[in-house]
Amino acid sequence: MRGELRSLPGLHRECALRLVDVPDGIARRVTSTRQPGLDLNEAVVEARSDIIGVLSSWCGLVAHQRGVAAPGPRSADVLAAFLDGHLAWLARHPAARDFAAEVRRLAAAARAVIERGSGRPRPLGPCDRPECGQIVYATPLSDGRRQVRCDGGHVWQPHEWLSLSLRIEQAAAGEPRRERVA
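Residues numbered from 1 in each chain as written. Predicted model: local features only at pLDDT ≥ 70, side-chain atom pairs only at ≥ 80, totals over all residues. Heavy atoms only, no water.

With respect to the sheet that holds strand 4 (residues 155–156)
No. 1: One open sheet holds the 4 strands; their spatial order is 1-2-3-4, and the pairing between them is antiparallel. Sheet topology places strand 1 (122–126) and strand 4 at the edges, where each strand pairs with a single neighbour.
No. 2: As judged from the 2 bridges shared by strand 3 (residues 146–150) and strand 4, these two strands associate in the antiparallel manner. Residue pairing across strands places R149 opposite V155, the latter belonging to strand 4. (Pairing = 2+ DSSP bridges. Helix = DSSP H or I, 4+ residues; strand = E, 2+ residues; numbered from the N terminus.)

A short note on the pairing of strand 3
No. 1: Sheet topology places strand 2 (residues 135–140) next to strand 3; 5 bridges connect them, and they run antiparallel. Counterpart to V136 in the pairing with strand 3 is C150.

Digging into the environment of A100
No. 1: With respect to the helices and strands, the residue A100 is situated in helix 5 (residues 96–119).
No. 2: Classification of A100 by relative accessible area gives buried; the value is 14%. (Buried < 20%, exposed > 50% of the residue type's maximum accessible area, 1.4 Å probe, protein only.)

A word on the pattern of salt bridges
No. 1: Applying the stated rule across the entire model yields 5 salt bridges.
No. 2: For D84, the salt bridge is made with R2, and the minimal N-O distance between the two is 2.7 Å. In this pair, D84 sits in helix 3 (residues 76–85) while R2 sits in helix 1 (residues 2–16), placing the two residues 82 residues apart along the sequence.
No. 3: A residue is classified by how much of its surface remains accessible, and D84, at 15% relative accessible area, is buried.
No. 4: Judged by relative accessible area, which is 38%, R2 ranks as partly exposed.
No. 5: Residue R13 is joined to D77 by a salt bridge in which the shortest nitrogen-to-oxygen separation is 2.8 Å. Here the residue R13 occupies a position in helix 1, and D77 occupies one in helix 3, the gap between them amounting to 64 residues.
No. 6: The class of R13 is partly exposed, set by a relative accessible area of 46%. (Salt bridge = Lys/Arg side-chain N within 4 Å of Asp/Glu carboxyl O.)

Some points on unusual backbone geometry
No. 1: Here E131, not a glycine, exhibits a phi torsion of approximately 60 degrees, which is positive.
No. 2: The residue E131 is located in the loop between strand 1 and strand 2 in this model.
No. 3: Taking the relative accessible area as the measure of exposure, E131 reaches 85% and is therefore exposed.

Some thoughts on the side chain of H12
No. 1: Within the element layout of this structure, H12 appears in helix 1.
No. 2: The contact partners of H12, leaving out residues within four places of it in the chain, are R48, I51, I52 and A76. (Contact = heavy atoms within 4.5 Å.)

Quick notes on the confidence of the model for the protein chain
No. 1: Model confidence for the protein chain is summarised by a mean pLDDT of 81, while 79% of its residues fall at 70 or above.
No. 2: Every residue in residues 22–38 scores below 50 in pLDDT, and together they form 38 contacts with partners more than four places removed in sequence or on other chains. (pLDDT = per-residue confidence, 0-100.)

Written out as C-alpha cells, the structure reads:
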C-alpha cells in the first residue's frame, strides 16, 4: 500500500507530461476544422484530477478524525506525504480497505493513461506534398523516438517538423501554400 501511495505524485507528474497531445518537436498542431491549437488529453486530465480529489478527501478524513491540521497546498506530493505520515492510523481505520482500493485504482488508472498516451499515433493534418492530401501522423516508436509520416508514404525528419507544422497550420487557416526552401 505504501508503495502505491508513494507512486501517486510521480504518476501525477508523468501525466502532466501527457496533458497536451503534441508530438515531441512539433510546436503546434491542427487536427480538424476546430480552432488551431493544442488538444487536451481528457483521460489524463481526469486521472490527475482524481488523484488530487481522492487524496484530498482522505486527507480531510484524517485531519478531521485525528484533530490535526490538514496539509497545505493541494499538490500530489504534499497530500501523499501527509497520508503516508498517517498510514499506520489509516491501516487500522474501518475504511482502510476502501482507502487501499482507491489508491490502487488511482495508480492503475494513471498508469493506463500514460501507457495509452505513449503508443497512439496522433493525426497532425493533411500532407503538404503536391497532390497527396493524406493525413500526417506522429507515431511513437518502440525506442522512444517518434516518426512523422503520412498515409501516402511521405516521411519528415525531426529537423523538418516545425516547418511542416507551420505549413499544416497555414493550410488549415486557408492561407496560400508557401513553397519550401530547399
